[in-house]
Amino acid sequence: MQLTQKHLEYWSKNLRITGSCSSIWFVVTFVMGYYARDLSFNFFGWTFAFWMAAQGSLIIYVVIIWYYARYMNSLDRAYDVHEGEDE
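This one's a predicted model, so the numbers in the text were calculated from it and none came from an experiment. (Residues numbered from 1 in each chain as written. Predicted model: local features only at pLDDT ≥ 70, side-chain atom pairs only at ≥ 80, totals over all residues. Heavy atoms only, no water.)

If you trace the backbone, Asp-76 turns up in helix 2 (residues 48–78). As a buried residue without a salt bridge, Asp-76 has its nearest oppositely charged side chain in Arg-77, at a separation of 7.3 Å. Those residues in contact with Asp-76 that lie beyond four places of it in its chain are Tyr-10, Val-81 and His-82. (Helix = DSSP H or I, 4+ residues; strand = E, 2+ residues; numbered from the N terminus. Buried < 20%, exposed > 50% of the residue type's maximum accessible area, 1.4 Å probe, protein only. Lys, Arg positive; Asp, Glu negative; His and termini not counted. Salt bridge = Lys/Arg side-chain N within 4 Å of Asp/Glu carboxyl O. Contact = heavy atoms within 4.5 Å.)

In structure tokens, the structure reads:
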């Protein structure tokens, strides 16, 4: 199957959003965890490191998933590759 310019544009945008979301995930998971001991100020009564590890990272993961799903749905519709019923 020969890829058209439209397919290449779609794939490029798909890779760009996947890379962006993965970069944010990496920073939240590893970078924030690595420097957590240095974050010693209080946030809602706990140290920020504890709050970020227990709650903040989970909230950011949910936001990443929500944004990715919403973006890909709009991208699928724009390039006419969406599944299911039309709205």
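Let us now look at the side chain of Ser-57. If you trace the backbone, Ser-57 turns up in helix 2. Residues within four places of Ser-57 in sequence aside, it is in contact with Val-28 and Met-52.

Attention shifts here to the nonpolar core. Formed by Tyr-10, Ile-17, Cys-21, Ile-64, Met-72, Leu-75 and Tyr-79, the largest nonpolar core amounts to seven residues. Excluding its chain neighbours within four sequence positions, the residues that come into contact with Tyr-10 are Met-72, Leu-75, Asp-76, Tyr-79 and Val-81. (Core = buried A, V, L, I, M, F, W, Y, C linked by side-chain atoms within 4.5 Å.)

This part covers the environment of Phe-48. Along the polypeptide, Phe-48 turns up in helix 2. Given a relative accessible area of 13%, Phe-48 falls into the buried group. A C-alpha to C-alpha distance of 9.5 Å links Phe-48 and Asp-38, two positions ten residues apart in sequence.

This part is about the environment of Trp-51. Here Trp-51 is to be found in helix 2. Excluding residues that lie within four positions of it along the chain, Trp-51 makes contacts with Phe-43, Phe-44, Trp-46 and Gly-56.

Considering bend angle alone, the principal kink of helix 2 is centred on Gly-56 and spans about 40°. Within helix 2, the full set of buried residues consists of Phe-48, Ala-49, Trp-51, Met-52, Gly-56, Ser-57, Ile-64, Met-72, Leu-75 and Asp-76. Along its buried surface, helix 2 packs onto helix 1 (5–34), strand 1 (42–43) and strand 2 (46–47). Once helix 2 ends, the next one or two residues include Asp-80, with phi positive near 55°. (Bend = angle between axes of the 7 residues up to and from the residue.)

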